[in-house]
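Architecture at a glance
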Amino acid sequence: MKSKKATTLVIRIFCMVLCAAILTATLAGCGLISKDPPGTDSITGNNGKTDEPTEPQDSVTEPGDTEATGSATESETQPEPSESDGSKAEEPTDSATEAPSESITELDTVTDTEKPSESATVTEPTEPSTSTPIIREPTVVDTSKAKYTYDEMCGDLAELASEYSGLFSYYEIGRSADGRSIYAAVLGSGKASKQIISEAGTHGREYINPLFVMATLEYYLKNYDVPLFGAEGQKKTAREILSDTDLYVIPMLNPDGITISQLGVDALRTEALREGVRKIYDDARAAGNTSWSFETYQTQWKANARGVDINRNFDVKAPAGYEKEINVTAPAGSGYPGEKPGSEPETRAYMDFVSGLSNPVACISYHSLGQLIYWDCGQDYSGRIAALKLAEIAKDQSGYMVYSVKSFTAASSDWCMLKKGIPAITIETGGGYSHPLSIKEFETIFEKCRNIYLAAALLY
C-alpha cells in the first residue's frame, strides 16, 4: 500500500515538474521571462532589469542626479563629483557581472537631452577662424622725409622694377630742360585693353606728390593679391581690379623744378640755366614782384628750369567764357605760360606719351594744396558728365571737395579732356597753408588718396 502511494506521489511530482517546465518554456517563448540565469541581463548587464535595449552612450552626471547610465546602484552610494577640481564622477561597476566595455567609456560627450555638469569640461563650438590679410606698407620708398629727390625716385624705380619684374616697369618718355630723364612707370603688363594716366611733380615745390604716387605704386605691388578695395566682405585685390587696365604714372614731370625747390639752383647741371634762375629772381626783385630772399624764392619755385610754368604750357585753347588774362609775360618762378603752347620739353614729352597709348580712359593729375578736386575746364555735355563721375569717385575715396568752378589753365588735365576726349581731373592734395607741404601731411594724404586709382579702374 505504501509502495503504491509512493509511486503515485512520484508520478504526481514528475507531472508537476513536467508542467512547470512546459509552462516555463511557453512563457519564455512569449518573452515574458528571461532564459538567462538570474542576476544577469544579456543586453544591458544591469542585474536582471528588463529595460528595453538602448544604444550605448556616454553621459555626464549633474550634481544631484540619482543615476548615471550603466549604474546598478543608487546615487547616494556613489561619491559626488568635486566642484573644486573639476573631476568627473567615477563610473559605477556591476558587482555581479562586468558590463560590456562599450557602455562604460570616457565621459567625453553630452547627449541632447542631458545638461552638462558644471564640473565637467565642455568645449563650446566656435566659428571657423578667418585670418585677416596682412597689409604691408611701403619700405622701398622712404616716406619719413618730405624731400623726395629725383635721384631717390630713380633708385626706387629701378629697385621696384627688379623686385617685381613682369608686373612693374618704367621707361623714359623724354628729357627735361636740364637733361634729366622723365619716366613713366607702368603697373601691369603694358598690354591691357585700357590705360589710366596719372602725373605728379608738375610744379617744383609740390614734391610731396611724387612721394605719394611712388608710395602708392609700391603699396599696390606689395599687396597685389591682398583684398584692398571694396565693400566689407566684398573687397577685391589689385590684381583683380587691374586685370584689364594698366596704370601709367609719371611720378615727376618737372624734375628740374623740384631740384631747384629742394636743393637750390646750384644742383642744376647747366650753367646757363643756373644763371637764368638767378636773373629771374633779380628781375622779380627789381620789379617789386617779390620781397623774398633768394633762398626762399628757390624753395617756392614752381616752373621748370627755364622759368616756364608747365601747367600753363599745354597746347590747348580755352573754351569761350574760360579765358584768363595772362599776367606773367616773362620767365618767372610761377605763372609764365611760355613763348607758345607746347614750347617746353616736359610738356611735349607728356603729350607725345599720351598720344601713343591705345585706349586711355582717365587722367588724374596731382597737385597741392587745398583738398580740392577740379574737373570743369569747359568741356561739352558728355565730357562734363564723364569728368564729374571721375571727380565723384575721387571724392568718395578722399573726402575732398569737388570744386565746381571754371578752372581752365592749359594744364595737362585740360589738354587730355579738351584735345584727347579723356575724362580728366586735377586733385589738390594736403590741407596745409603753405608750400612745400610738411611731411606731417603725408600720412593723411596717403590714407585718403591711395585707393583712387583702384576706384577709377572699377569705374571703367
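Remember, it's a predicted structure, so these values are computed and weren't measured experimentally.

**Quick notes on the sheet that holds strand S7 (residues 401–403)**
- Taken together, eight strands build an open sheet; the order of strands is S1-S2-S4-S3-S5-S8-S6-S7 and the sheet is mixed. One side of each edge strand has no neighbouring strand; the edge strands of this open sheet are strand S1 (168–175) and S7. In this sheet, neighbouring strand axes are inclined to one another by 25 degrees on average, regardless of whether the strands run parallel or antiparallel.
- When strand S6 (residues 372–374) meets strand S8 (residues 424–429), the two strands line up antiparallel, connected through three bridges. Of the residues in S8, the one forming a bridge with Ile 373 is Ile 427.
- Strands strand S5 (360–368), S6, S7 and S8 of the sheet are contacted by helix H9 (residues 381–398), whose axis makes an angle of about 30 degrees with S8.

**Description of the pattern of salt bridges**
- Counted by the stated rule, this structure contains 18 salt bridges.
- Here Arg 384 and Asp 376 are joined by a salt bridge, their closest N and O atoms 2.9 Å apart.
- Glu 447 serves as the salt-bridge partner of Arg 450, at 3.4 Å between the closest nitrogen and oxygen.
- In this structure, a network of salt bridges that share partners links the residues Glu 137, Glu 447 and Arg 450.

**Observations regarding the confidence of the model for the protein**
- Taken over all residues, the pLDDT of the protein has a mean of 82, while the share at 70 or more is 72%.
- This stretch, residues 32–123, has a pLDDT under 50; its non-local contacts, to residues over four places away or in other chains, come to 83 contacts.
- In this model, residues 125–129 is a region of pLDDT below 50 whose contacts with residues beyond four sequence positions or in other chains number zero contacts.

**Here we look at a nonpolar patch on the surface**
- Together, Met 401, Tyr 403 and Val 405 give the surface a local cluster of nonpolar side chains, amounting to about 240 Å² of exposed area.
- Inspection of the secondary structure puts Val 405 in the loop between S7 and helix H10 (412–418).
- Residue classification places Val 405 among the partly exposed residues on the basis of a relative accessible area of 30%.

**Observations concerning helix H6 (residues 271–286)**
- The terminal C-alpha atoms of H6, which comprises 16 residues, lie 23 Å apart, in line with the 22 Å expected from a rise of 1.5 Å per residue.
- Buried within H6 we find Leu 273, Arg 274, Val 277, Ile 280, Tyr 281 and Ala 284. Angular distribution of buried residues about the axis of H6 spans 120 degrees; they occupy a single face of the element. Along H6, the residues that are exposed and aim more than 90 degrees away from the buried face are Ala 272, Lys 279 and Ala 286.
- Phi turns positive, to about 75 degrees, at Gly 288, one or two residues after H6.

**Quick word on the side chain of Ser 261**
- Mapped onto the elements of the fold, Ser 261 is located in helix H5 (residues 255–263).
- Ignoring sequence-local partners within four residues, the contact set of Ser 261 consists of Gly 204, Arg 205, Tyr 207, Gln 298, Thr 299, Trp 301 and Pro 436.

**Overview of the packing of aromatic side chains**
- Per the counting criterion, the structure on display carries 15 aromatic pairs.
- Residues Tyr 248 and Phe 353 carry aromatic rings whose centres are separated by 5.9 Å and whose planes lie at 55 degrees to one another, so their mutual orientation is tilted. Of this pair, Tyr 248 sits in strand S4 (residues 245–250) while Phe 353 is found in helix H8 (residues 345–355), placing the two residues 105 residues apart along the sequence. The exposure classification of Tyr 248 matches that of Phe 353, with both residues buried.
- Between Phe 314 and Tyr 350, the ring centres sit 5.4 Å apart and the planes meet at 90 degrees, which makes this aromatic pair edge-to-face. Placement of Phe 314 in the loop between helix H7 (294–299) and H8 and of Tyr 350 in helix H8 is noted, with a sequence separation of 36 residues between them.
- By relative accessible area, Phe 314 is classed as buried at 1%.
- The structure contains a cluster of three or more aromatic residues connected by ring pairs, namely Phe 212, Tyr 219, Tyr 220, Tyr 366, Phe 442, Phe 446 and Tyr 453.
- One cation-aromatic arrangement involves Lys 406 over Tyr 322; the distance from NZ or CZ to the ring centre is 5.2 Å.

**Some words on the nonpolar core**
- Ranked by size, the top nonpolar core spans 92 residues in total, and within it Tyr 350 and Tyr 366 carry the most contacts.
- The greatest single-element share of this core, amounting to ten residues, is contributed by helix H3 (residues 208–222).
- Excluding anything up to four places from it in sequence, Tyr 350 contacts Ile 197, Glu 199, Ile 250, Leu 253, Phe 314, Cys 363, Ser 412, Trp 415 and Cys 416.
- In this structure, Ile 260, Val 265, Tyr 281 and Tyr 297 belong to the second largest nonpolar core, which totals 13 residues.

**As for the environment of Asp 283**
- Tracing the sequence through the fold places Asp 283 in helix H6.
- Residues Asp 283 and Pro 331, 48 residues apart in the sequence, show an inter-C-alpha distance of 9.7 Å.

**Side note on helix H12 (residues 452–459)**
- The buried fraction of H12 amounts to six of the eight residues, a majority that puts the element mostly inside the structure.
- Those residues of H12 that sit buried are Ile 452, Tyr 453, Leu 454, Ala 455, Ala 456 and Ala 457.

**A word on the pairing of S4**
- In terms of residue burial, S4 counts as a mostly covered element, since six of its six residues are buried.
- With six bridges joining them, strand S3 (residues 194–199) and S4 adopt parallel strand pairing. Residue pairing in the sheet places Gln 195 in a bridge with Asp 246 of S4.

**As for the packing of helix H2 (residues 150–163) against H3**
- Running from N to C, H2 and H3 cross one another at 15 degrees; their axes reach a closest spacing of 11 Å. Of the possible angle classes, the one that applies to H2 and H3 is roughly parallel. Crossing hand, H2 versus H3: left-handed. For the pair H2 and H3, the contacting residues are Met 153, Asp 156, Leu 157 and Leu 160 in the first and Met 214, Glu 218 and Leu 221 in the second.
- A class-by-class count of the residues in the contact of H2 with H3 yields five nonpolar, no polar and two charged.

**Some remarks on the environment of Thr 290**
- Position of Thr 290 relative to the elements: it lies in the loop between H6 and H7.
- Residue Thr 290 is classed as buried on the basis of its relative accessible area, which comes to 13%.
- With residues near it in sequence (within four places) discarded, Thr 290 still touches Tyr 281, Ala 284, Arg 285 and Tyr 297.
- Within the local environment of Thr 290, its side chain forms a polar contact with the backbone nitrogen of Trp 292, the two atoms lying 3.1 Å apart.

Parameters at a glance
Residues numbered from 1 in each chain as written. Predicted model: local features only at pLDDT ≥ 70, side-chain atom pairs only at ≥ 80, totals over all residues. Heavy atoms only, no water. Pairing = 2+ DSSP bridges. Helix = DSSP H or I, 4+ residues; strand = E, 2+ residues; numbered from the N terminus. Axes fitted to C-alpha atoms, helices over the stretch in contact; angles between N-to-C directions. Contact = heavy atoms within 4.5 Å. Salt bridge = Lys/Arg side-chain N within 4 Å of Asp/Glu carboxyl O. pLDDT = per-residue confidence, 0-100. Patch = residues over 30% accessible without salt bridge, like charges linked within 9 Å, V, L, I, M, F, W, Y side chains within 5 Å. Areas by Shrake-Rupley, 256 points an atom, 1.4 Å probe, with all protein chains shown as cover. Buried < 20%, exposed > 50% of the residue type's maximum accessible area, 1.4 Å probe, protein only. Expected span 1.5 Å × (residues − 1). Arc of directions from axis to C-beta. Phe/Tyr/Trp six-rings, centres within 6.5 Å; stacked < 30°, edge-to-face > 60°. Lys NZ or Arg CZ within 6 Å of the ring centre and 35° of its normal. Core = buried A, V, L, I, M, F, W, Y, C linked by side-chain atoms within 4.5 Å. Parallel < 35°, antiparallel > 145°, perpendicular 65-115°, else oblique. Left-handed = near helix turned anticlockwise from the far one by under 90°. Nonpolar A, V, L, I, M, F, W, Y, C, P; charged D, E, K, R; others polar. Polar contact = N/O pair within 3.5 Å; in protein donor to acceptor, adjacent residues only side chain to side chain.

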